[in-house]
Amino acid sequence: MTSFTHVELAIDAAVATIRLNRPEKKNALNPEMHQNIHDALTEVEHDKSVKVVVVTGTGDAFCGGMDLEKCFLEPFDDPEQFDASNQLAVSWSRRLKAFPAVTVAKVNGWCFGHGFQLAGICDIVITSEDAVFGMSEINFGIFPGGGTMWVAAHNMTRKQALYYALTGESFSGREAVALGMATRAVPAAELDAAVDAIVASLANKNVHALRTTKQVYESAIDLDFAKSIDMELAKLYELSYRTENEWIRSALEQFKRKAYRPGLQSYSLEAER
Ligand code: ACO
């Protein structure tokens with residue numbers, strides 16, 4: 001376990017957990033915390049065995065968004081300091097969005113502004129049903145920025161993204177699933193177990209297959225069908241090369257031996273044993 005000032009990082013074999021740890025301020029992101037997140041990501045990046053990164057918060061908040069005083073109000077009259085604080089925030093967002101490992105947001109409570117964006121850039125979002133999501137920016141006279149509008153536009157429909165950005169109304173974890181902002185909502189008491197089960201399933205997959213799946217998804221959404229087919233085939237050959245053809249030599253050989261049913265289970269990761 002590494003403790004940064006406001007962030008805790010635990011790496012347990014294939015799973016890294018980044019916990020925002022400033023509960024007295026609803027895990028609002030002050031400049032030190034932005035730097036802590038960078039430092040945690042750097043440490044995770046160095047550990048090539050990590051397949052899954054879980055991001056969560058301590059207390060009753062996932063993340064209360066940018067620290068409105070430390071990031072906006074106090075540095076505002078010094079343009080360089082103001083921009084530096086914004087750049088620090090958006091730069092870890094860029095890194096996390098492009099992160100090679102699978103990212104899972106475990107939304108345990110309040111989830112606003114840049115916290116809404118943090119959940120939105122993760123690959124999978126598991127939330128407690130009573131968590132509260134919101135793009136509150138309009139409530140203090142601005143718009144969701146720094147990537148938050150992108151997240152709304154890419155996860156929600158136009159009608160829903162604009163409704164919640166324009167009204168600043170919050171919505172529950174349960175509603176977040178229907179709105180496209182969360183993968184699954186569970187009762188708060190079941191949140192840890194639900195995330196643990198998903199993480200265990202992911203940790204049992206081939207690391208290169210996980211990483212390539214993310215890359216293929218990100219490319220496919222920007223390509224037309226014909227170009228995507230070319231890209232997907234090329235990525236299959238690349239993955240085969242990278243894994244020394246593990247899917248053929250091991251996974252499909254196990255299938256032939258009737259060791260598992262791919263519709264219901266994963267093959268056994270012989271190479272990682
Ligand atoms: N920035 C700075 N301080 C914050 C933030 C924040 N984003 N969120 C909460 N806090 C602080 C509060 O000021 C308070 O500090 P204090 O104890 O020193 O007075 C402490 O955290 C606890 O917050 P309360 O408001 O007392 O908690 P409550 O449970 O009543 O409300 C809620 C929680 C709804 C999350 C409320 O704190 C809130 O509205 N926070 C702002 C959320 C927001 O709009 N975030 C978007 C920021 S903009 C962006 O991210 C781009």
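Above: the structure in question.
Just so it is clear, the model here is predicted, and its values are computed rather than measured.

S.K.: Just give me the short version of the layout of surface pockets, but keep the residues and values in it.
M.R.: Put simply, the largest pocket is a space of about 730 Å³. Going through the elements one at a time, α2 (68–73), α3 (79–97) and β7 (110–112) are the ones with two or more residues in the lining of the largest pocket. Broken down by element, the lining of the largest pocket gets its largest block of residues, five residues, from α2. The residue inventory of the lining of the largest pocket, partitioned by class, reads 13 nonpolar, nine polar and seven charged. When its volume is computed, the second largest pocket comes out at roughly 530 Å³. Lining the second largest pocket are 25 residues, with C122, D123, I124, Y217 and E218 positioned closest to its centre.

S.K.: Quick one: what's the story with the pattern of salt bridges, residue by residue and with numbers?
M.R.: This model, assessed by the stated rule, comprises eleven salt bridges. Ionic pairing is found between E45 and R95, a salt bridge with its closest N-O pair at 3.0 Å. Of the two residues, E45 is situated in helix α1 (residues 31–46) and R95 in helix α3; the sequence distance between them amounts to 50 residues. A relative accessible area of 32% places E45 in the partly exposed class.

S.K.: I'd like a rundown of the site of the ligand, residues and numbers included.
M.R.: Around the ligand sit 16 residues in total, of which K25, G64, M66, H114 and S136 are the nearest. At 2.8 Å from a nitrogen atom of the ligand is found a main-chain nitrogen or oxygen belonging to G64. In this structure, S136 approaches the ligand through a side-chain N or O atom, which is 2.5 Å from an oxygen atom. Taken by itself the ligand offers 930 Å² of open surface, and the protein chains cover 62% of this. Judged by the fraction of its atoms near the pocket grid, the ligand is located in the largest pocket. Residue composition of the shell around the ligand, by class: six nonpolar, five polar and five charged.

S.K.: Report on empty space enclosed by the protein, specifying residues and quantitative values.
M.R.: Applying the stated rule across the entire model yields one cavity of 30 Å³ or more. Put simply, the largest cavity is a space of about 40 Å³. If you trace the largest cavity, you find it lined by I18, L20, I37, L41, V55, L96 and L118. Put simply, the parts of the chain that give the lining of the largest cavity at least two residues each are β3 (15–20) and α1.

Basis of the calculations
- The numbering scheme is per chain: residues are counted from 1 as the chain's sequence reads.
- Two thresholds apply to this predicted model, a pLDDT of at least 70 for residue-level local features and 80 or more for giving and counting side-chain atom pairs, whereas whole-chain, interface and lining totals are computed over all residues.
- Each side-chain value is derived from all of the structure's non-hydrogen atoms; neither hydrogens nor water enter the calculation.
- Using a 1 Å grid laid over the protein atoms alone, points where a 1.4 Å probe fits but cannot get out form a cavity; open sets with protein on both sides within 12 Å along at least 5 of 7 lines form a pocket; any residue with an atom within 4 Å of a point counts as lining.
- Grid points are joined across faces, edges and corners, and a volume is the space filled by probe spheres set on the points.
- Working definition: helices are DSSP H or I runs of at least four residues, strands are E runs of at least two. Numbering for both runs from the N terminus.
- Residue polarity is assigned by list, with Asp, Glu, Lys and Arg as charged and Ala, Val, Leu, Ile, Met, Phe, Trp, Tyr, Cys and Pro as nonpolar; anything else, Gly included, falls into the polar class.
- By definition, a salt bridge exists where a carboxyl oxygen of Asp or Glu is found within 4 Å of a side-chain nitrogen of Lys or Arg.
- Only protein chains enter the accessibility calculation, which uses a 1.4 Å probe. A residue is then buried if its area is under 20% of the maximum for its type, exposed if over 50%, and partly exposed in between.
- One heavy atom within 4 Å of a molecule or strand is enough for the residue carrying it to be called near that molecule or strand.
- Polar contact criterion, stated in full: a pair of N or O atoms within 3.5 Å, where within protein one must be able to donate a hydrogen and the other to accept it, and residues adjacent in sequence count only if both atoms are side-chain atoms.
- Surface accessibility in these figures is a Shrake-Rupley result with a 1.4 Å probe; residues are shielded only by whichever protein chains are displayed.
- Each molecule is assigned to a cavity or pocket provided more than half of its atoms lie within 2 Å of the corresponding grid points.

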